[in-house]
Amino acid sequence: MNPGVHVSSQVPALLLAAGRGERMRPLTDSMPKPLLQVQGQPLLQWHLQALLDAGVERAVINTAWLGGQISAHFSSIFASKRRKNMPEQLSISYSHEGVDFGGALETAGGIARALPQLGPVFWLAAGDVFAPDFVFDSAAVAAFEASDHLAHLWLVPNPTHNPRGDFGLSADGLALNLPADDPAPRYTYSTIALLRAELFAGPWCDIPPGNPGGIKAPLAPLLRRAMDNGRVSAQLYTGRWTDVGTPERLAELNSYSHDAP
């Protein structure tokens, strides 16, 4: 973060950590996937450190499968001693979907549930993605807030496990909901984004505020609806990025040397 950027320009973050991690079994039979170790520390900790480094002061973590382990591990404060002239800690609150509803609410359902703890604009990141070079930049927040977009997505080059990609990207920085037969390039959604709470209200979303009924719903249909109306921007991110979805990918990450925060 640039020295001249004020911390007040940041917004809260929601970290998604509610999934069962079926493809990671048996590793996730007794431990939630975001707590699996990458280079000697929990996977979710890489995001928390990056948020703290960027001046973010509040994070919400949603949980379901073995969620008590996550809140027990991170508690309500994440602190670091390595930064100077910045807030020294990140406050953490939780949205315990497993406790409240007996299971995860999928991405849109989980976000809608956590909205009362967030604000009109917030960061979103999946807790099972390793992106050690990503910066939760306050300049991106300012640009997004000044726009009329409902979401800003970071897209990545397609990994081998998602060769067709998810969304197109226009020359002027709009995410595109391309038809299946469109030959234009597609990129993979990194699961890192800036979102407006407005996306989780009508006409984009019909989940009641705060999702009191525990409705399960995916995020992609909301994004595609907003894309069709020109309300989603995007950019390509080319730093290190791994969807830590299988034991093999986890083992590969741990065979490399990275500098842990």
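See above for the structure.
Because the structure is predicted, anything quoted here is derived from the model rather than measured.

K.L.:
Is there a simple way to think about the pairing of strand 12 (residues 188–196) in this case?
P.N.:
Every regular strand shows the same layout, with side chains that alternate between the two sheet faces. Burial analysis of strand 12 places eight of its nine residues in the buried class, the great majority of the element. The pairing of strand 7 (residues 121–126) with strand 12 spans five bridges and is antiparallel. By the bridge assignment, Trp123 is partnered in strand 12 with Leu194. Pairing analysis gives five bridges linking strand 9 (residues 151–156) to strand 12, with the strands arranged antiparallel. Looking at the pairing, Leu153 lines up with Ala193 of strand 12.

K.L.:
Mind showing me how you'd approach the packing of aromatic side chains here?
P.N.:
Describing an aromatic ring pair means giving the distance of the ring centres and the angle of the ring planes. Following the criterion strictly, the structure yields seven aromatic pairs and no others. Ring centres of Trp123 and Phe136 lie 5.1 Å apart, and the angle between their planes is 90 degrees; on these two criteria the pair is classed as edge-to-face. A residue pair is termed long-range when its members are at least 10 positions apart, and Trp123 in strand 7 and Phe136 in the loop between strand 8 (129–130) and helix 5 (138–145) qualify at 13 residues. Each member of the pair, Trp123 as well as Phe136, carries the same accessibility label: buried. Measuring from centroid to centroid gives 5.4 Å for Phe134 and Tyr237, while their planes differ by 75 degrees, and the two rings are edge-to-face. Here Tyr237 lies in the loop between strand 13 (232–236) and strand 14 (242–243) and Phe134 lies in the loop between strand 8 and helix 5, a separation of 103 residues in the sequence. When the ring centre of Phe144 is taken as origin, the NZ or CZ atom of Arg196, which lies over that ring, is 4.8 Å away.

K.L.:
It is not clear to me how the packing of helix 1 (residues 43–53) against helix 2 (residues 67–74) should be interpreted in this structure. Could you clarify?
P.N.:
Working note: a packed helix pair is described by the angle between its axes plus the distance between those axes. With their axes 12 Å apart at the nearest point, helix 1 and helix 2 run at an angle of 45 degrees to one another. Put simply, helix 1 runs oblique to helix 2. Crossing hand, helix 1 versus helix 2: right-handed. Judged by residue contacts, Leu44, Gln45 and Leu48 of helix 1 engage Ile70, His73 and Phe74 from helix 2. The residue makeup of the contact of helix 1 with helix 2, split by class, is four nonpolar, two polar and no charged.

Cut-off values and rules
- Residues numbered from 1 in each chain as written.
- Predicted model: local features only at pLDDT ≥ 70, side-chain atom pairs only at ≥ 80, totals over all residues.
- Heavy atoms only, no water.
- Buried < 20%, exposed > 50% of the residue type's maximum accessible area, 1.4 Å probe, protein only.
- Helix = DSSP H or I, 4+ residues; strand = E, 2+ residues; numbered from the N terminus.
- Pairing = 2+ DSSP bridges.
- Phe/Tyr/Trp six-rings, centres within 6.5 Å; stacked < 30°, edge-to-face > 60°.
- Lys NZ or Arg CZ within 6 Å of the ring centre and 35° of its normal.
- Axes fitted to C-alpha atoms, helices over the stretch in contact; angles between N-to-C directions.
- Parallel < 35°, antiparallel > 145°, perpendicular 65-115°, else oblique.
- Left-handed = near helix turned anticlockwise from the far one by under 90°.
- Contact = heavy atoms within 4.5 Å.
- Nonpolar A, V, L, I, M, F, W, Y, C, P; charged D, E, K, R; others polar.

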